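# Remarks on the overall topology
Residue strings, one per chain:
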Amino acid sequence: MNTKDTLLEKLQNKTASVAVLGLGYVGLPFATVFAEAGFEVIGIDPDSRKIEKLNQGVSYIQDVPTEVVARLAEAGKLKATTDFSVLVDVDAVSICVPTPLRKTGDPDLSFILSVTRELAKYMHPGMVVVLESTTYPGTTREILLPQLGEENDLIVGEDYFLAFSPERVDPGREDWTTINTPKVIGGITEACSEVASTWYRGALQTVVPVSSAEVAEMAKLLENTFRMINIGLVNEMAVMCDRLGIDVWEVIDAAATKPFGFMKFTPGPGLGGHCIPIDPLYLSWKLRSLDYTARFIELASEINLGMPRYVVRKVQDTLNELGKPLKGSRILVLGAAYKPDIDDLRESPALDVIGLLEQSGSKVSYHDPYVAKITEEELELQSVTDLMAAVRDADCVVIITNHSNYDYAAILDAAACIVDTRNALGEMGRKNPKVARL
Ligand code: SAJ
């Protein structure tokens, strides 16, 4: 049998050994799902604390129960190490490393480059490698292919197989998980798509092969650019409705009664998270290198980035109505995480709003039941311990993240005035003179 058929057989009967590079919110769920499916999985991550926890049978990712890790570790189905040399005996490798932005706003491929350099040392005939990290179209072919194959005299599609498959992990979501979320996968060659799809079908319910790695890379960017642009649109609708004296929330609810051809998005104080604000900028960066300006992305990004300042101006106008300047006023920010009911601060607009309020001379405090302290972007704050006392003491309360466990009626009753950027107060806030909404 040739290399491909031998590997296909090992993937189909699950005797193929699997490695996952990067054990974060994508890699660890991936590793446990493939181990549960019967593969022997080894996770590789440079963070020795993660490795220690996993080998003790302890999970550090919200979506992966410790009892699952413990059972798989006990059964010898899931091991973890910082040592890349184990790859010399591995058949199938999934790369799940971060792809953030640099401070300059350009893609930071340093994690992909470093794991590719390590993997290249241990490449051998009969391997399949799948990149999962969100990146610009062409990364798999331009970065991984030369280092993994050409530098090792391995022919892609014959000696080894290389593909891209976008991660679709939404931390905390229980309806769509790693196992049941349809998985797009595209290879450098047809044989690469076949081998990679066969591997993934051994653990995932729905695998969607496409004709190339670039199609798979671009599909992911369309998914998240679609979201970013529509959030930018609805944020601009909020600004326009404000100028027109129309309640944007009522407008959106009315539009959302259309049973087809419309998808509801809601305005907010800005765009947070590790995907939506970042992924589209990988695409616009790539297109700029091809002398094309992705105008939708750049305009939507500009609008979203402008929302924190728009919120601060709302606070200023609200205080002004009470004859109070921003400077010296006590402002309580409710919610710091980038979206409700999670503890993730990445790119959270709350950080921008707090920073701008501090720059204007306000005395800013915050409360977030999931975020005990903020120590980033020159900010150093602790969540207030007595929420209602802080509400009563504030000149203005700004609702930035509408966590579901807040008692909004009590907050409305106790606050001097409220800027509600999420329509968290709903009907209570709509006609209340104490409340200003986006
Ligand atoms: N946001 C708005 N208005 C909206 C929706 C979101 O202002 O109508 C804001 C949120 O407050 C947040 C940011 O945008 O600050 C991103 O929110 P998100 O709901 O897109 O949540 P994320 O960042 O966790 O996005 C993830 C993505 N999942 C993957 O990339 C695999 C995204 O594709 C999912 O659609 C999204 O979860 C989801 O639907 O929960």
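Predicted model only: the values in this text are computed from it and were never measured. (Residues numbered from 1 in each chain as written. Predicted model: local features only at pLDDT ≥ 70, side-chain atom pairs only at ≥ 80, totals over all residues. Heavy atoms only, no water.)

## Let's talk about the overall build of the protein chain
The criterion, for reference: The way it works is that DSSP assigns letters per residue, a run of H or I at least four long becomes a helix, a run of E at least two long becomes a strand, and they are numbered from the N terminus. Radius of gyration: over C-alpha atoms. The globule rule applied is 2.2 Å multiplied by the number of residues raised to the 0.38 power. Each residue gets one of three labels from its accessible area relative to the maximum for its type: buried under 20%, exposed over 50%, partly exposed in between, using a 1.4 Å probe on protein chains only. We call two residues in contact whenever any of their non-hydrogen atoms come within 4.5 Å of each other. To be clear on the numbers: accessible area is Shrake-Rupley with a 1.4 Å probe, and residue cover counts the displayed protein chains and nothing else.
Scanning the protein chain for helices and strands turns up 15 helices and 15 strands. In terms of overall size, the protein chain behaves like a compact globule, its C-alpha atoms giving a radius of gyration of 24 Å where 438 residues would be expected to give roughly 22 Å. Referenced to the eigenvectors of the C-alpha coordinate spread, the extents of the protein chain come out at roughly 80 × 50 × 40 Å. By the burial criterion, 54% of the 438 residues in the protein chain qualify as buried. Contacts spanning at least 24 positions in sequence make up 69% of the contacts within the protein chain whose residues lie at least 6 apart. In the structure as shown, the protein chain presents an accessible area of about 19800 Å², 52% of it carried by carbon and sulfur atoms.

## Some thoughts on the environment of Thr135
This is how it is decided: N or O atoms closer than or at 3.5 Å make up a polar contact, with two conditions inside protein: a donor-capable atom paired with an acceptor-capable one, and, for residues adjacent in sequence, both atoms drawn from side chains.
Note on placement: Thr135 falls in the loop between strand E5 (127-131) and helix H6 (139-148). The exposure class of Thr135 is buried, given its relative accessible area of 0%. Separated by 283 residues in the primary sequence, Thr135 and Ile418 place their C-alpha atoms 40 Å from one another. If near-sequence neighbours (up to four positions away) are discounted, Thr135 is found in contact with Leu109, Ile112, Phe164, Glu217, Leu221 and Tyr282. Only 2.7 Å separates the side chain of Thr135 from the side chain of Thr139, close enough to count as a polar contact.

## Some thoughts on the pattern of salt bridges
For clarity, the cut-off: We count a salt bridge whenever a side-chain nitrogen from Lys or Arg sits within 4 Å of a carboxyl oxygen from Asp or Glu.
On inspection of all chains with the given rule, the structure shows 26 salt bridges. Here Glu214 makes a salt bridge to Arg141, at a shortest N to O gap of 2.6 Å. Remark: Arg141 occurs in helix H6 and Glu214 occurs in helix H8 (residues 213-244); sequence separation between them is 73 residues. Note on Arg141: relative accessible area 32%, which makes it partly exposed. For the salt bridge of Arg173 with Asp170, the shortest nitrogen-to-oxygen distance reads 2.9 Å.

## What to know about helix H11 (residues 295-321)
Note the threshold: Expected helix span is given by 1.5 Å per residue-to-residue step, counting one fewer step than there are residues. Across the chain, bend at a residue is computed as the angle between axes fitted to the seven residues ending at that point and the seven starting from it.
With 27 residues, H11 extends 38 Å between its outermost C-alpha atoms, agreeing within 8% with the 39 Å of an ideal straight helix rising 1.5 Å per residue. At Met307, H11 is deflected by roughly 35 degrees, the largest bend along its length, and proline Pro308 occurs up to four residues later in sequence. With its phi angle positive at about 70 degrees, Gly323 sits one or two positions after the end of H11.

## Thoughts on the sheet that holds strand E13 (residues 396-399)
Just so we agree on the cut-off: Strands were regarded as paired on the criterion that DSSP finds at least two bridges between them. To obtain an axis, a line is fitted to C-alpha atoms, over the contacting stretch when the element is a helix, and the angle between two such axes runs from 0 to 180 degrees between their N-to-C directions.
Reading across the sheet, the five strands line up as E10-E9-E13-E14-E15 and stay open at both edges, with parallel pairing between neighbours. Each edge of the open sheet carries a strand with a single partner, namely strand E10 (363-367) and strand E15 (435-437). Mean inter-strand twist for the sheet, computed between neighbouring axes without regard to direction, equals 20 degrees. In this sheet, E15 lies alongside strand E14 (residues 418-420) in parallel orientation, the contact comprising three bridges. Residue pairing for E15: Asp420 is matched across the bridge by Arg437. Its contacts with the sheet put helix H12 (residues 349-359) on strand E9 (330-334) and E10, and the angle it makes with E10 is roughly 160 degrees.

## Some details on the domain arrangement of the protein chain
Put simply, the rule reads: Residue ranges assigned to each domain were obtained from an automatic or database domain assignment. Buried area, as used here, totals the accessible surface that two parts lose on assembly, with accessibility defined by a 1.4 Å probe and the loss added over both. Lys, Arg, Asp and Glu make up the charged group, whereas Ala, Val, Leu, Ile, Met, Phe, Trp, Tyr, Cys and Pro make up the nonpolar group; the residues left over, Gly among them, are polar.
For the protein chain, the assigned domains are domain 1 (3-211) and domain 2 (227-437). Averaged C-alpha coordinates put domain 1 and domain 2 at centres separated by 36 Å. Contact with domain 1, which involves 15 residues of that partner, is made by twelve residues of domain 2. Of the roughly 1200 Å² buried between domain 1 and domain 2 on both sides combined, carbon and sulfur atoms contribute 63%. When the area that domain 1 buries against domain 2 is broken down by residue, the three leading residues are Leu101, Pro107 and Tyr136, summing to 36%. A salt bridge links Glu142 to Lys286; the nearest nitrogen and oxygen atoms lie 3.2 Å apart. Here domain 1 and domain 2 share six residue pairs in polar contact (both at pLDDT 80 or more) between them. Each residue belonging to the side of domain 1 that touches domain 2 can be placed in one class, and the counts come to eight nonpolar, three polar and four charged.

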